[in-house]
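Chain residues, written in single-letter form:
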Amino acid sequence: MSHWSDTLPVPSGQRRDQVPRDHSIYPQLLEITLHLRQAMREHFVQLTSRQGLSLEERKHTQAIREKEALLSCLICRMINLLQSEAASDLELQVPLPSEDSRGDVRYGERAQLSGQPDPVPQLSDCEAAFVSRDLSNRGIDISVFYQSSFQDYNAYQKDKYHKDKNTLGFINLGTSENKLCMDLMTERLQERDMNCIEDALLQYPDWRGQPFLREEVARFLTYYCRAPTQLDPENVVVLNGCCSVFSALAMVLCDPGEAFLVPAPFYGGFAFSSRLYAKVELIPVYLESEVTVTNTQPFQLTVDKLEEALLEARFEGKKVRGLVLINPQNPVGDIYSPDSLMKYLEFAKRYNLHVIIDEIYMLSVFDESITFHSVLSMKSLPDRNRTHVIWGTSKDFGISGFRFGALYTHNKEVVSAVSAFGYLHSISGIAQHKLCQLLQNTEWIDKVYLPTNCYRLREAHKYITAKLKALEIPFHNSSSGLYVWINLKKYLDPCTFEEERLLYCRFLDNKLLLSRGKAYMCKEPGWFCLIFADELPRLKLAMRRFCDVLEEQKEAWIVKQLEDAMRE
Amino acid sequence: MFTLPQKDFSAPTTCLGPTCLQDLGSSHGDDLEGECSRKLDQKLPELPGVGDSAMLSPDTSYLSSRGRMIKWFWDSAEEGYRTYHMDEYDENKNPSGIINLGVSENKLCFDLLSWRLSQSDMQRVEPSLLQYADWRGHLFLREEVAKFLSFYCKSPAPLRPENVVVLNGGASLFSALATVLCEAGEAFLIPTPYYGAITQHVCLYGNVRLACVYLDSEVTGLDTRPFQLTVEKLEMALREAHSEGVKVKGLILINPQNPLGDIYSPEELQEYLVFAKRHKLHVIVDEVYMLSVFEESAGYRSVLSLERLPDPQRTHVMWATSKDFGMSGLRFGTLYTENQDVATAVASLCRYHGLSGLVQYQMAQLLRDRDWINQVYLPENHARLKAAHTYVSEELRALGIPFLSRGAGFFIWVDLRKYLPKGTFEEEMLLWRRFLDNKVLLSFGKAFECKEPGWFRFVFSDQAHRLCLGMQRVRQVLAGKSQVAEDPPSSQSQEPSDQRR
């Protein structure tokens with residue numbers, strides 16, 4: 001590293017103080033555990049580094065790695081605990097993960113070695129965070145959770161596809177971003193009204209959001225949500241993104257360990273936001289794809305299912321404080337009818353549950369025959385003090401890098417409490433001005449932006465679904481959002497989450513990033529979410545890679561069948 | 001879980017425990033950035049003074065118990081906030097409105113900054129700036145920050161972009177660091193008086209407390225100046241925290257100091273760092289005023305300029321543009337740490353503390369423009385700060401009011417103890433209210449956890465006409481008050497310290 005070098009890591013077990021001050025067992029235990037870790041590591045390297053493995057063995061290798069990761073995590077936790085104890089007894093230095101052990105290029109490497117087993121155990125990322133003398137346990141948890149959720153995304157960030165500069169880079173159909181209207185947005189944001197530097201924008205803001213912006217948001221939502229009466233700017237809190245809004249809501253509505261119900265599959269970011277800071281549990285209300293007598297549509301949410309999940313959670317002693325709904329739904333893409341929405345709200349009221357409704361895709365409904373009904377359009381809400389609406393510009397305007405999210409709630413208590421987080425989730429005054437200008441210009445939005453955006457979404461959706469039909473891949477047909485929810489069950493043998501993960505890795509190896517059902521807490525293995533809101537050339541290439549992988553998967557399956565047959 | 005304030009706010013003198021663990025309430029009667037003040041008569045609603053969160057109207061509340069606590073933070077802050085914002089001074093529209101000398105903002109250079117930020121290089125919009133990016137901050141910005149800090153902190157070797165994490169302001173950084181370095185209920189040491197909003201920043205999400213290292217104005221023993229921080233005082237505070245069963249994980253240093261305007265010498269800094277290393281404490285060094293040192297002779301040195309840090313893996317440096325570039329509304333802050341675990345953990349939380357891509361681009365452009373910063377902005381800013389400082393300090397001298405200030409920051413730490421006959425915090429609050437009634441907003445010492453009643457922070461970094469009017473209003477209040485006051489009963493102001501130590 002640089003000039004601060006006088007505490008270079010001392011090899012494992014070496015003591016700075018030669019004379020222990022007392023005879024605590026922690027340092028000894030720590031050393032033993034470190035040895036154990038080393039031995040385990042070598043053992044696993046041996047197990048997994050043989051060359052020329054057959055497909056089955058390779059799968060076996062994957063399983064070993066999973067085990068290894070688990071064991072390693074456990075041991076690291078032990079080390080961490082021991083360290084905190086040992087540190088108070090002895091100055092015992094544990095080697096810090098050196099910089100090159102941070103597997104930044106892991107997927108890059110793996111992709112090049114595609115098909116070969118990875119010679120390096122896949123621990124580095126995990127470990128870098130785990131073995132830390134410096135972080136609190138929750139800090140470690142946060143780090144690990146983040147890294148395990150985002151390592152593939154980070155790999156993509158470092159090795160993005162570019163049509164000239166990096167043709168072998170990753171294509172990302174896994175992150176829900178709308179890249180179809182970058183031209184319009186870039187142009188709009190460069191117009192003159194956007195650039196304004198006033199003193200007030202550079203000073204400490206109203207932490208709930210600048211009054212001009214909250215007024216604009218209230219007007220905007222009144223208009224686009226078709227609210228029966230004018231919405232009140234005092235009920236608006238503006239923060240730097242919807243995940244911040246969700247995080248703040250989870251903090252003020254739940255105490256640690258309490259829970260929200262969420263129909264699953266659901267947007268994985270919520271799991272993140274509820275866990276990192278707030279420590280709130282999300283209890284999935286599992287929905288099924290199969291149509292039966294009670295389940296008249298795939299992934300249908302019913303009050304019975306909600307009730308069942310609630311009672312079960314209560315039976316297990318969990319304190320459920322609310323229900324989270326995403327409408328239009330992510331990843332399924334369904335839109336709740338006003339009737340069903342009302343039923344869910346009434347259910348929530350019956351049990352004194354808060355309802356958080358995330359309508360972040362409300363303007364991304366691209367089928368004109370379908371009307372989206374915002375919860376804010378309802379004449380009367382069953383329990384308006386417990387109904388909280390989230391909206392942001394990330395998806396509907398395709399500017400996720402802008403960091404803007406808004407809360408609308410009638411509940412003044414919630415407004416105040418969430419406002420306290422304004423310090424920590426504030427938006428730059430300059431950005432607030434731009435957002436206000438953007439939302440203000442309804443003419444441009446109605447006449448230029450929305451029609452173009454819907455048209456482009458529709459076309460991209462058409463392209464993707466035609467491809468899927470040609471490949472005979474079942475998918476959930478929907479008319480909103482930026483994604484299709486596809487079923488790759490038939491490519492999994494056996495149909496398990498482990499196989500789902502392997503298929504996901506195969507996509508990654510072919511430089512295609514998708515999201516898998518597990519990340520959405522889907523109950524059935526084999527579902528994937530495919531984001532189609534990307535430009536056609538990239539989309540085409542992505543689909544080519546997609547087909548290649550499925551081809552590969554099929555071949556592998558045949559080989560396996562043959563091998564099995566020969567063995568018999 | 002949150003521990004609620006255990007003491008009734010109306011009796012603040014009794015709140016001066018050796019740590020401010022139970023003292024969340026009293027340090028948070030502040031507004032805007034948490035520095036101003038709240039009403040004297042304000043008590044915790046329905047709070048009988050026992051740490052039972054259920055007492056905060058549980059039956060009627062829609063909130064969780066921590067939610068009620070968080071709301072209380074906001075509500076108490078909003079009091080002062082509202083008073084000021086409902087009656088803000090405006091030369092033309094509201095000449096009898098409140099002049100704000102309470103919030104630490106630099107309002108002297110908006111002309112320069114608006115000019116710079118309106119230049120054509122600032123208006124760039126490109127798709128990558130509008131999309132999700134690296135949560136640590138765009139690489140181009142982190143590179144620029146590393147170069148900027150290398151240059152202005154005079155680091156012996158170039159600083160590295162990998163060690164930089166960019167967030168939306170210093171508040172977020174405190175929150176994230178508290179969360180990843182401490183478990184809930186653990187604490188950081190902090191010398192008082194200190195910028196009071198930190199209490200809220202580390203508490204909201206992190207539920208981390210501050211254990212105060214109480215400093216006083218009297219120069220005793222080997223001290224060479226008032227409110228001097230020494231290793232002995234650090235040791236003592238740490239011991240006291242331990243004896244109360246509080247686990248201390250780190251030390252927060254603000255350098256240049258807020259509200260004292262004091263500067264730690266490199267030797268002192270080194271001593272504190274060695275102390276921290278001895279006890280395996282993290283050190284968060286907040287250098288948010290590092291370029292606002294307007295007296296050359298003050299001899300400010302950044303911690304990043306030290307040849308050798310005692311414990312580089314546990315030393316974390318904060319900087320932001322809020323103060324040095326007078327843009328508190330811009331929300332840009334940065335962490336520099338060699339500890340990759342800490343950087344990664346903080347970055348994991350950056351999802352919640354992200355900064356708009358367009359603003360990141362503008363910041364990179366700003367920090368890159370060394371010519372403008374060195375030749376236009378800094379000289380002008382320092383000259384204006386110095387002029388404003390001279391004006392206020394001369395006013396104070398003319399009034400025979402003692403104060404502390406060493407040529408850094410936007411404020412003067414003013415000793416109004418002689419205006420408090422009994423030397424209590426109630427009187428301090430009354431005096432503060434009298435200022436507010438006379439339409440000038442100041443910050444009182446209690447908001448900084450100062451243990452001696454009677455200290456006030458005057459922010460001088462405002463335009464001359466407002467400053468003159470503000471000081472005129474201050475004079476009026478003191479003139480009306482000064483006859484009442486006797487000589488400061490020095491023994492009385494020492495009382496809390498006797499009780500405590």
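Worth saying up front: this structure is predicted, and the values here are computed from it rather than measured.

K.L.:
What's the story with the domain arrangement of chain A in this structure? I'm lost.
P.N.:
Often the size quoted for an interface is simply the accessible area lost on bringing the parts together. All names here are of chain A. The domains assigned to chain A are domain 1 (142-178 + 449-565) and domain 2 (196-444). Using C-alpha coordinates to define each centre, domain 1 is positioned 27 Å away from domain 2. The interface is formed by 33 residues belonging to domain 1 together with 40 residues belonging to domain 2. Taking both partners together, domain 1 and domain 2 bury about 3200 Å²; carbon and sulfur atoms supply 62% of that area. Between the two partners, domain 1 and domain 2, sit two salt bridges.

K.L.:
Explain the sheet that holds strand β12 (residues 443-444) of chain B here, please?
P.N.:
Where strands meet in a sheet, backbone hydrogen bonds hold them as pairs that are either parallel or antiparallel. All names here are of chain B. Overall, antiparallel pairing links the four strands, which are arranged β9-β10-β13-β12 in an open sheet. Where the open sheet ends on each side, the last strands, each with one partner, are β9 (403-404) and β12. Bridge count for strand β10 (residues 411-415) against strand β13 (residues 455-459) is five bridges, and the pairing is antiparallel. In the strand pairing of β13, W413 is matched with R457. Sheet strands touched by helix α12 (residues 370-398): β9, β10 and β13. Its angle to β10, the strand with the most contacts, is close to 10°.

K.L.:
Where do I start with the UniProt feature "domain: Aminotransferase class I/classII large" (unreviewed entry) in chain B in this structure?
P.N.:
UniProt marks residues 98-460 of chain B with the feature "domain: Aminotransferase class I/classII large" (unreviewed entry), using the numbering shown here. The distance from the first to the last C-alpha atom of residues 98-460 of chain B is 15 Å, and the span holds 38% helix and 15% strand.

K.L.:
Is there a simple way to think about the domain arrangement of chain B in this case?
P.N.:
All names here are of chain B. According to the domain assignment, chain B consists of domain 1 (72-108 + 372-476) and domain 2 (124-368). On the domain 2 side, the residues contacting the 33 residues of domain 1 number 42 residues. Interface area, domain 1 with domain 2, both sides summed: about 3200 Å², of which 60% is carbon and sulfur. Linking domain 1 to domain 2 there are three salt bridges.

K.L.:
Quick question: what am I supposed to make of the packing of aromatic side chains here?
P.N.:
The description of an aromatic ring pair rests on the distance of the ring centres and on the angle between the ring planes. A full pass over the atoms with the stated rule returns 52 aromatic pairs over all chains. A centroid spacing of 4.5 Å and a plane angle of 80° characterise the contact between Y223 of chain A and Y224 of chain A, whose relative ring orientation is edge-to-face. What makes Y223 of chain A partly exposed here is its relative accessible area of 46%. On the accessibility criterion, Y224 of chain A (10% relative accessible area) is buried. A centroid spacing of 5.8 Å and a plane angle of 10° characterise the contact between W413 of chain B and W455 of chain B, whose relative ring orientation is stacked. Note that W413 of chain B is positioned in strand β10 and W455 of chain B in strand β13, a separation of 42 residues in sequence. Here W413 of chain B and W455 of chain B have matching classes, each one buried. Sitting over the face of the ring of Y504 of chain A, R516 of chain A holds its NZ or CZ atom 5.8 Å from the ring centroid. The cationic tip of K446 of chain B hangs over the ring face of F425 of chain B; the distance from NZ or CZ to the ring centre is 5.1 Å.

K.L.:
I would appreciate a short explanation of the interface of chain B and chain A in the present structure.
P.N.:
Counting from both sides, the interface comprises 104 residues of chain B and, opposite them, 100 residues of chain A. A combined buried area of about 8900 Å² lies between chain B and chain A, and 56% of that area is made up of carbon and sulfur atoms. Linking chain B with chain A are one salt bridge, by the criterion used here. For the salt bridge of R314 of chain B with D134 of chain A, the shortest nitrogen-to-oxygen distance reads 3.4 Å. For the side of chain B that touches chain A, the secondary-structure elements that each account for two or more residues are α1 (65-86), α2 (110-117), α3 (127-130), α5 (170-181), α6 (197-204), α10 (340-348) and α11 (357-368) of chain B. The biggest single contributor to the side of chain B that touches chain A is α1 of chain B, with nine residues.

K.L.:
Explain the pattern of salt bridges here, please?
P.N.:
Close approach of charged atoms allows side chains of opposite charge to pair. Counted by the stated rule, this structure contains 54 salt bridges over all chains. The salt bridge involving R386 of chain A is made with D383 of chain A; its shortest N-O contact spans 3.0 Å. Between E268 of chain B and R225 of chain B there is a salt bridge; the shortest N-O distance is 3.0 Å. Pair noted here: E268 of chain B is in helix α8 (residues 266-278) and R225 of chain B is in the loop between β4 (209-213) and α7 (231-243), with a separation of 43 residues, a long-range link. Residue E268 of chain B is classed as buried on the basis of its relative accessible area of 12%. On the basis of relative accessibility, which here comes to 14%, the residue R225 of chain B falls in the buried class. Through salt bridges with shared partners, one network takes in D206, R208, R214 and E234 of chain A.

K.L.:
Explain the UniProt feature "domain: Aminotransferase class I/classII large" (unreviewed entry) in chain A here, please?
P.N.:
In the numbering used here, UniProt assigns the feature "domain: Aminotransferase class I/classII large" (unreviewed entry) to residues 171-528 of chain A. Within the segment residues 171-528 of chain A, helix and strand shares are 38% and 15% respectively, and the terminal C-alpha atoms sit 16 Å apart.

K.L.:
In this structure, what is going on with empty space enclosed by the protein? I would like to understand it.
P.N.:
Any empty space left between atoms is shown by rolling a water-sized probe over those atoms. Residues and elements named next belong to chain B. Scanning the model with the defined rule gives 13 cavities of 30 Å³ or more in all. The volume enclosed by the largest cavity comes to roughly 250 Å³. Mapped by element, the contributors of at least two residues to the lining of the largest cavity are α5, β7 (315-320) and α9 (321-324). Grouping the amino acids of the lining of the largest cavity by side-chain chemistry returns 12 nonpolar, four polar and five charged.

K.L.:
How do you make sense of helix α17 (residues 497-509) of chain A when you look at a structure like this?
P.N.:
Residue and element names in this part refer to chain A. Over its 13 residues, α17 runs 18 Å from end to end, which matches the ideal 18 Å to within 8%, given 1.5 Å per residue. For α17, the tally of buried residues reaches 11 of 13 residues, placing the bulk of the element in the interior. E499, E500, R501, L502, L503, Y504, C505, R506, F507, L508 and D509 are the residues of α17 that are buried. After α17 finishes, the residue K511 shows a positive phi value of roughly 60°.

K.L.:
Teacher, can you tell me more about unusual backbone geometry here?
P.N.:
Glycine aside, the phi torsion of most residues is negative, and most peptide linkages are trans. Residue and element names in this part refer to chain A. The step from A264 to P265 runs through a cis peptide bond, and the omega angle for that step is 5°. Looking at the secondary structure, you find P265 in the loop between β3 (259-264) and α10 (269-275). The step from N327 to P328 runs through a cis peptide bond, and the omega angle for that step is -10°. Within the fold, P328 resides in the loop between β5 (320-326) and α12 (338-350). Of note in the backbone geometry, R226 takes a positive phi value of approximately 50° without being a glycine. With respect to the element layout, R226 can be found in the loop between α8 (211-224) and β2 (236-239).

K.L.:
Can you help me understand the sheet that holds β3 of chain A in this one?
P.N.:
Residue and element names in this part refer to chain A. The sheet built from seven strands is open, its strands ordered β2-β8-β7-β6-β5-β3-β4 with mixed pairing. At either end of the open sheet lies a strand with only one pairing partner, and these are β2 and β4 (281-286). Between one strand and the next, the sheet's axes are offset by a mean angle of 25°, whatever the strand orientation. Where β2 and strand β8 (residues 405-409) come together, four bridges link them in antiparallel fashion.

Criteria and thresholds
- Residue indices follow the written sequence of each chain, beginning from 1 at its first position.
- For this description, chains carry letters from A and ligands carry numbers from 1, given in the order in which they are written.
- Only residues with pLDDT of at least 70 are given local features in this predicted model, and only at 80 or more are side-chain atom pairs given and counted; all residues enter the totals for whole chains, interfaces and linings.
- With hydrogens and water excluded, all non-hydrogen atoms of the structure serve as input to the side-chain values.
- Domain start and stop positions are those given by an automatic or database domain assignment.
- We call two residues in contact when some of their heavy atoms are within 4.5 Å.
- Buried surface area refers to the total accessible area, computed with a probe of radius 1.4 Å, that the two partners give up upon joining, counted for both partners together.
- When a carboxyl oxygen of Asp or Glu lies within 4 Å of a side-chain nitrogen of Lys or Arg, that pair is called a salt bridge.
- Two strands qualify as a pair provided DSSP detects at least 2 bridges between them.
- Going along the chain from the N terminus, every DSSP run of H or I of four or more residues is numbered as a helix, and every run of E of two or more is numbered as a strand.
- The axes used here are C-alpha line fits, helices contributing only the stretch in contact, and every angle between their N-to-C directions lies in the interval 0 to 180 degrees.
- UniProt positions are given in the numbering used here, feature names are shortened, and annotations may be inferred rather than shown by experiment.
- Put simply, two rings from Phe, Tyr or Trp (the six-membered ring, in Trp's case) pair if the centres are within 6.5 Å, and we call them stacked under 30 degrees between planes, edge-to-face over 60, tilted for the rest.
- Burial classification: accessible surface area is computed with a 1.4 Å probe over protein chains only, and a residue below 20% of its type maximum counts as buried, one above 50% as exposed, and the rest as partly exposed.
- In this scheme, Lys NZ or Arg CZ marks a charge over a ring once it lies within 6 Å of the ring centre and within 35 degrees of the ring normal.
- Of the two site types, the cavity is a set of points on a 1 Å grid over the protein atoms alone where a 1.4 Å probe fits but cannot get out, and the pocket is an open set with protein on both sides within 12 Å along at least five of seven lines, each lined by residues with an atom within 4 Å of a point.
- Grid points are joined across faces, edges and corners, and a volume is the space filled by probe spheres set on the points.
- When residues are sorted by character, Ala, Val, Leu, Ile, Met, Phe, Trp, Tyr, Cys and Pro go into the nonpolar class, Asp, Glu, Lys and Arg into the charged class, and all the rest, Gly among them, into the polar class.
- Every helix has an expected span of 1.5 Å times one less than the residues it contains.

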